Amino acid sequence: MFFNSLTFAVFLPIVFLLYWLVFSKTKSAQNAFLVVVSYYFYSCWDWRFLFLLLFSTLICYFTGIQIEKSERRKTRKFWFWLSIIANLGFLAIFKYYNFFAFSFSEALNNIGLQTSPLLLNVILPVGISFYTFHGLSYVIDIYYKRINSEKNVIDYALFVSYFPLLVAGPIERATHLLPQVKVKRTFDFEKAREGVYQIIWGLVKKVVIADTCATYANAIFDNYTSMNSLSLILGAVYFAFQIYGDFSGYSDMALGMSKLFGLDLLKNFNYPYFSRDIAEFWRRWHISLSSWFRDYLYIPLGGSRGSKLKQVRNVFIIFVVSGFWHGANWTFLAWGFINALYFLPSLLLGTNRNNMETAELHWDFNSIKVFFSMLATFSITCLAWIFFRANTIHIAFDYIGKIFNNGIFTSQFLSNQRYSSEFLLMVLAFVMVEWNSRFKIEPISGKYSGLKMALCILAIIALGTYSDYKEFIYFQF
Amino acid sequence: MNKFTILVAKILLTILLLLIVLDWTYTTVYLHSSNRGKVENVFNSTARNYDVVILGSSRANNHFVPQLFEEKGLKTFNYGMSGAHLFEASLLLKLMAERNYKIKTVILEADLGLCNEKESEAIAAKFLPYIHHSQTISEHFSGQSDFKELYYIPFYRYVDFDALIGFREMYNTATGKPTNILDNLGYHPLGHKRGNMKNDIRALKPIRNKYYEEIKQICKQNNYKLIAVMTPMCSNVKGLDYFEKSNKIYPEIHNLENVVQGDHYFSSCGHMNDEGARKFTAIVIDQFF
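## Focus on the overall build of chain B
The secondary structure content of chain B amounts to 14 helices and 9 strands. Here the C-alpha radius of gyration of chain B, 21 Å, is about what a compact globule of 289 residues would show, namely 19 Å. Along the three orthogonal principal directions, the C-alpha set of chain B runs to about 75 × 40 × 35 Å. Looking at chain B residue by residue over its 289 residues, the buried ones come to 40%. Across chain B, the fraction of contacts at a sequence separation of at least 24, relative to all contacts at a separation of at least 6, is 80%.

## A look at the interface of chain B and chain A
With 16 residues of chain B in contact, the opposing surface of chain A contributes 16 residues. Counting residues per element, the ones that place at least two in the side of chain B that touches chain A are helix H1 (2-31), helix H9 (156-160) and helix H10 (162-165) of chain B. Element by element, the count of residues in the side of chain B that touches chain A is highest for H1(B), at 8 residues. When grouped by side-chain class, the residues that make up the side of chain B that touches chain A number 12 nonpolar, 1 polar and 3 charged.

## Quick word on the sheet that holds strand S7 (residues 254-255) of chain B
All names here are of chain B. Spatially, the 5 strands line up as an open sheet ordered S2-S1-S3-S5-S7, and their pairing is parallel. At either margin of the open sheet sits one strand with a lone partner, and together these are strand S2 (76-78) and S7. Strand direction decides the pairing type here: strand S1 (residues 49-55) and S2, joined by 3 bridges, are parallel. Looking across to S2, one finds that Val53 is bridged to Phe77.

## Regarding the domain arrangement of chain A
A common measure of how large an interface is: the accessible area buried when the components associate. All names here are of chain A. Splitting chain A by domain gives domain 1 (6-186) and domain 2 (191-276 + 355-476). Here domain 1 and domain 2 have C-alpha centroids that lie 29 Å from each other. Contacts between the two partners involve 15 residues from domain 1, matched on the other side by 16 residues from domain 2. Of all elements in the fold, only helix H1 (6-21), helix H7 (163-166) and helix H8 (174-181) reach the threshold of two or more residues within the side of domain 1 that touches domain 2. The element contributing the most residues to the side of domain 1 that touches domain 2 is H1, with 3 residues. For the side of domain 1 that touches domain 2, the class distribution of residues is 9 nonpolar, 4 polar and 2 charged.

## Some words on unusual backbone geometry
All names here are of chain A. Phi angles above zero are rare outside glycine, and Lys145 is one such case at about 60°. For Lys145, the position within the fold is in the loop between helix H5 (128-143) and helix H6 (153-161). The phi torsion at Tyr448 lies on the positive side, around 55°, for a residue other than glycine. For Tyr448, the location among the structural elements is in the loop between helix H17 (424-436) and helix H18 (449-463).

## As for the nonpolar core
Formed by 198 residues in total, the largest nonpolar core has its most connected members in Ile200(A), Leu55(B), Leu92(B) and Val106(B). Among the elements that make up this core, the one with the highest residue count is helix H9 (residues 189-222) of chain A (19 residues). If you count residues domain by domain, this core takes at least three from each of domain 1 (6-186) and domain 2 (191-276 + 355-476) of chain A. Setting aside anything within four residues of it in sequence, one finds Val106(B) in contact with Val53(B), Leu55(B), Leu93(B), Cys219(B), Tyr224(B) and Leu226(B).

## Section: the confidence of the model for chain B
Model confidence for chain B is summarised by a mean pLDDT of 93, while 99% of its residues fall at 70 or above. Both scores are available for the predicted complex, with the pTM at 0.88 and the ipTM at 0.86.

## Here we look at the pairing of strand S5 (residues 225-230) of chain B
Residue and element names in this part refer to chain B. Counting buried positions along S5 yields 5 of 6 residues, so the element is predominantly enclosed. In the sheet, strand S3 (residues 102-109) pairs with S5 via 5 bridges, with the strands oriented parallel. Residue pairing across strands places Val106 opposite Leu226, the latter belonging to S5. Sheet topology note: the S5/S7 ladder contains 2 bridges and is parallel. If you follow Met230 over to S7, its bridge partner there is Asn255.

## Observations regarding the pairing of S1(B)
All names here are of chain B. Where burial is concerned, most of S1 is hidden: 5 out of the 7 residues are buried. Note: S1 against S3, 6 bridges, orientation parallel. Looking at S3, one finds that Val52 is bridged to Thr105.

## A look at the packing of helix H14 (residues 330-349) of chain A against helix H15 (residues 365-389) of chain A
All names here are of chain A. At their nearest, the axes of H14 and H15 sit 7 Å apart, and the two run at 160° to each other. Taken together, the axis directions place H14 and H15 in an arrangement best described as roughly antiparallel. Handedness of the crossing formed by H14 with H15: right-handed. From H14, Thr331, Phe332, Ala334, Trp335, Ile338, Asn339 and Tyr342 reach across to H15, where they touch Ile380, Ala384, Phe387 and Phe388.

## Points about helix H12 (residues 210-221) of chain B
All names here are of chain B. Over its 12 residues, H12 extends 16 Å from the first C-alpha to the last, a length consistent with the 16 Å expected when each residue adds 1.5 Å. Taken residue by residue, H12 has Tyr211, Tyr212, Ile215 and Cys219 as its buried positions. In a view along the axis of H12, the buried residues occupy a sector of 105°, so they form one face of it. Structural note: H12 exposes Gln217, Lys220 and Gln221 on the side pointing more than 90 degrees away from its buried face. Check the buried side of H12 and you find it contacts helix H5 (86-98), S3 and S5. Asn223 sits one or two positions beyond H12 and adopts a positive phi of about 60°.

## Here's the deal with the packing of helix H3 (residues 50-69) of chain A against helix H4 (residues 73-110) of chain A
Residue and element names in this part refer to chain A. At a minimum axis distance of 9 Å, the contact between H3 and H4 shows a crossing angle of 165°. Judged by the angle between their axes, H3 and H4 are roughly antiparallel. Considering the relative orientation of H3 and H4, their crossing is left-handed. Of H4, the residues touching H3 (which contributes Leu52, Ser56, Ile59, Cys60, Thr63, Gln66 and Ile67) are Arg76, Trp79, Phe80, Leu82, Ser83, Ala86, Asn87 and Phe90.

What counts, and at which threshold
Residues numbered from 1 in each chain as written. Chains lettered and ligands numbered in written order. Predicted model: local features only at pLDDT ≥ 70, side-chain atom pairs only at ≥ 80, totals over all residues. Helix = DSSP H or I, 4+ residues; strand = E, 2+ residues; numbered from the N terminus. Rg over C-alpha atoms; globule rule 2.2 N^0.38 Å. Buried ≥ 20, exposed ≤ 12 C-beta atoms within 10 Å, placed from the backbone. Contact = placed C-beta atoms within 7 Å. Nonpolar A, V, L, I, M, F, W, Y, C, P; charged D, E, K, R; others polar. Pairing = 2+ DSSP bridges. Domains from an automatic or database assignment. Core = buried A, V, L, I, M, F, W, Y, C linked by C-beta atoms within 7 Å. pLDDT = per-residue confidence, 0-100. Axes fitted to C-alpha atoms, helices over the stretch in contact; angles between N-to-C directions. Parallel < 35°, antiparallel > 145°, perpendicular 65-115°, else oblique. Left-handed = near helix turned anticlockwise from the far one by under 90°. Expected span 1.5 Å × (residues − 1). Arc of directions from axis to C-beta.

Quick look at the structure:
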């Protein structure tokens, strides 16, 4: 049940009406209802994985209580590691086993030992990376005594399985979401209206920008050997907007939906393509994941304390693991590694905490520097996205090589029956709208909100891509 | 909650109004166009006279050269459409009959299309802008599973087939952007591309096809002489007995599958190049005219 499907358009209003008109008497009723709805939502993908979700939820719930109850350090550690191993174990089996088995077998084949890998015939459960990380952060926070364990199993189950964030995030923290579910929510018109506007804007990003860019990116990447330099560059740009529109659009819809139910979720994107350096980019892109790795991996490793060598090591570990989180393929690892390389200069020069405020442009020379630094950051990000999108590292390098070797910059006719530069104007218009609303959550609220909303709906209806591309990219993670 | 209900009502009303306005706009554009494709060219036409009209899929579009018919004094147009099934060919012929086209002979490419009665979405979509302006079209689509949505929800068909009749196509139609679909009297010549020179059609099974039956009926009712033919394929085809099986069901279809031999006459296994098409057309003219 995709967020941009007609089925969901029927599902959401029914859930909304039942939530506020039937189940709003107590917070327990609200939470229980949302848990049932969330499990139903998840079952629409594949009912068999409900047991995995339930098991993951109960493991963390139970071990969380045991960790808190245990007075002896050894016992606490035992429950802690049991939870970690169980959760990461499922993730490892479903997501990474085949990758390691195949890679190990290939490595042996390369040194002359002929083997064939024993592969598992398993489907990757939708959202496993997300709800596993929810549970892990909860258990880790209890272990380090940052929070108390949740005794109410329904409240905890809602924290893990809450349907707007279940399949593609944002990765919530117990410290942020649990306190909200523990109180009865009352209907707030302003919040609900904000939520509606955010859903509409999320839909624009998804069906107008992301899905249309996808048709171009796919046409270029799938036929990259016959593309010229301009088309290959545009392919990377289109993919950059595809993944941004897709993921941030989904996050906007998730956040907007939650506002309808009186819950606030963590902001996940903060206009990342207006970043002036790569450090700023990673403060603005997939914020819930990067902050998760910062708090639960980077800081425990020592963070930015210790020697420079240690700091460099920590940075590389974070980015490579982050890349690996996205998928079991060497290309994701390469993408993470490249971003670590990008980050390295600012770490060594101590400039990684520059540009903390949102960029502004004025009619002065400094703004030229700001503009070009944004363009440069976007460009190197696009270069890294090539690895993210390509099927193999070899193809990624070949793709990049062709950009520099081909030397032809004319618009080509693509397999999606469009010219490669055709959608660029729309992308630029989107960038202008985002630039003008970079201090806001979405561009609709405020002055002329009615007109802006009508224009967004018009764009969704008339300019959305429906027949060619539908799936959210991050559902595969 | 009341204020929110009013907001939602306003949004739904906005959506409905936009759907209606957009539907009207797009349909108006398509009703005033005639030079971008064969479907609109026929739909927006009045009575025409032809000695020969060719119908079918790409194996008609790429195989029959109207110019050769014209040289024989036969006014001809190739209405074959790449990707079309007999569903679309039948509908196009119905529209011609409705517009009092005077056609002496209809040549129908009826080979691989006999195996299914499904619509070809890529071509069927081209008829959808006119669904409310043509009882013929709405009745033809009435048996499809999504007919109710296509017919009763404003603008739904333009969203569902946005790649084919959506904003881009509407814009190109409104601005009169030309295509080459109607060039060469509808014939589209293929070069010596030498694409995939093998095919496997063992999975295809010819059936008693209701749209082929419809075409026969239309021709009978309007006094169009119908010549149904099977056109050539390259030599490396598995399941070539398909053509014989088709002949068993419909003995009246002329099996011309092997009249052009030699892969140098083909652009890909299922499609002859211009040289092959001319040779084939000459054989057809010689045999039937």
